[in-house]
Amino acid sequence: MSQDAPPRGRHRAERGLGARFRALFWGQAISQVGDYIAYLTLPLFVIQLSESSLDLALNYSLEIVPGVLFGFLGGVLLDRLPLRSVMIVGDLVRAGAFAALGLLALSPAPSLLAMVFLMSFLIGTFSSVFQNGMAALLPALVRDDQLSLANGRITASQQLALAIGPLIAGVLAETVGLAPGFFINGATFLVSAASVWLVGRVPARITREQRTGFLEEAMHGLRYLWNEPRLRASTIAAASANAAVGFLESTFVILGTDVLGAGEAQIGTMLMALGLGGVVGAMIAPQIARMIGLGRTMTLGMLIFGVAFLVTVNS
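What counts, and at which threshold
- Residues numbered from 1 in each chain as written.
- Predicted model: local features only at pLDDT ≥ 70, side-chain atom pairs only at ≥ 80, totals over all residues.
- Heavy atoms only, no water.
- Salt bridge = Lys/Arg side-chain N within 4 Å of Asp/Glu carboxyl O.
- Helix = DSSP H or I, 4+ residues; strand = E, 2+ residues; numbered from the N terminus.
- Buried < 20%, exposed > 50% of the residue type's maximum accessible area, 1.4 Å probe, protein only.
- Axes fitted to C-alpha atoms, helices over the stretch in contact; angles between N-to-C directions.
- Parallel < 35°, antiparallel > 145°, perpendicular 65-115°, else oblique.
- Left-handed = near helix turned anticlockwise from the far one by under 90°.
- Contact = heavy atoms within 4.5 Å.
- Nonpolar A, V, L, I, M, F, W, Y, C, P; charged D, E, K, R; others polar.
- pLDDT = per-residue confidence, 0-100.
- Core = buried A, V, L, I, M, F, W, Y, C linked by side-chain atoms within 4.5 Å.
- Expected span 1.5 Å × (residues − 1).

What about the pattern of salt bridges?
Oppositely charged side chains may form a pair once their charged atoms are brought near each other. In total, this model carries 2 salt bridges according to the counting rule given. Among the salt bridges present, the one from Asp-91 reaches Arg-94, with a minimum N-O distance of 2.7 Å. Remark: Arg-94 and Asp-91 occur in helix H4 (residues 83-106); sequence separation between them is 3 residues, near one turn of the helix. Considered together, Asp-91 and Arg-94 belong to a single accessibility category, that of buried residues. Residue Arg-143 pairs with Asp-145 through a salt bridge whose shortest N-O separation is 3.1 Å.

If you want it as structure tokens, here you go:
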């Protein structure tokens, strides 16, 4: 062996992301499957209670609004609180909310719609808190040069969950009802909470001495975001894409039930196809980015998505 060659064990250690990341990854992979079971189960439940597309849109808004309200403040808030504890509380609250939805689904009635709206707002609020926590937690688990790899693995598992979760939700809804889908998702949040606990102690990103006023830090973050042209453009693009993807949750349910007359399992299959496309896209995106550049790849992806979505809706 050449003296310059590193030992094989050391090379593997440098490539690996570590046991702490693996614990988090598998917990989130399981939780994401539950998320995408709820991705179909929750709008199906709203339609079952009200048969109103307006109520479906309102429920979706209640899930999304907390992210808009707390998104920019979440990082500043998490700098002042124990990160893992906040994330675990977020998982436990969401587990309880989905358990409550499961109980409501056992005896559905239109009068329960207000309770569903409340649960959706709670889920959206603590999902926003948890996602902010994930963004802060990953840099504490892996080296800076491994962050893209770690994020890539989590994104790939999310796309795979989108391919699996809605199909499970559709089959469950068509065979045994909506309640099991809610209970399963609630259970996956308990798995997620356990995985965050297994990560172990995480050092604070900012010491008490480094802190300034809450609003001052929040405004500093907003100014930094706005004054960095590439960061500003990518944030606006990502927010627009996420908003468009979010509409799929309601649009596919309405398209399947009202336009196509499809059953729950068939709607789940449509969403599964969406997830499989995402898996393929995640696999080929790095090669395309190397050929034409990251910005052009993102632009091309959004154009293809927009055209495909318009064709689907107008078909």
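Section: the packing of helix H2 (residues 18-50) against helix H5 (residues 113-141)
It is the contact of H2 with H5, at a shortest axis distance of 12 Å, that shows an interaxial angle of 160°. The angle between H2 and H5 places the two elements in the roughly antiparallel class. H2 and H5 meet at a crossing whose hand is left-handed. Where H2 approaches H5, its residues Arg-20, Phe-21, Leu-24, Gln-28, Leu-42, Phe-45, Val-46, Leu-49 and Ser-50 are matched on the opposing element by Leu-113, Val-116, Ser-120, Phe-130, Met-134, Leu-137, Leu-138, Ala-140 and Leu-141. By residue class, the composition of the contact of H2 with H5 is 14 nonpolar, 3 polar and 1 charged.

Section: the confidence of the model for the protein
On average, residues of the protein score 79 in pLDDT, and 72% of them reach the 70 mark or higher. Looking at the elements of the protein, mean pLDDT is at its lowest for helix H1 (residues 8-15), recorded as 41, and at its highest for helix H7 (residues 179-198), recorded as 96. Of the regions scoring below 50 in pLDDT, residues 1-14 engages in 2 contacts with residues more than four places distant in sequence or in other chains.

Notes on the packing of H5 against helix H6 (residues 147-175)
Packing of H5 against H6 leaves a shortest axis separation of 10 Å and a crossing angle of 135°. The orientation of H5 relative to H6 falls into the category oblique. In this structure, H5 crosses over H6, and the sense of that crossing is right-handed. Residues Met-134, Leu-138 and Pro-139 of H5 pack against Leu-147, Asn-151 and Ile-154 of H6. When its residues are assigned to classes, the contact of H5 with H6 shows 5 nonpolar, 1 polar and no charged.

As for the environment of Phe-25
The topology assignment puts Phe-25 in helix H2. A sequence separation of 125 residues divides Phe-25 from Ala-150, and the C-alpha atoms of the two residues are 8.7 Å apart. Look past the residues within four positions of Phe-25 in its chain and what remains in contact with it is Arg-153, Ile-154 and Ser-157.

Brief notes about the nonpolar core
Formed by 35 residues in total, the largest nonpolar core has its most connected members in Leu-40, Phe-45, Phe-98, Leu-101, Val-116, Leu-178 and Phe-182. The element that contributes the greatest number of residues to this core is H2, accounting for 11 residues. Counting 20 residues, the second largest nonpolar core, distinct from the first, contains Phe-25, Ala-150, Val-196 and Val-199.

Side note on H7
If you check H7, its first and last C-alpha atoms are 29 Å apart, about what 20 residues at 1.5 Å a residue would give, namely 28 Å. Those residues of H7 that sit buried are Ala-179, Gly-181, Phe-182, Asn-185, Gly-186, Thr-188, Phe-189, Ser-192, Ala-193, Ser-195 and Val-196. Just beyond H7, the residue with positive phi is Gly-200, at close to 90°.

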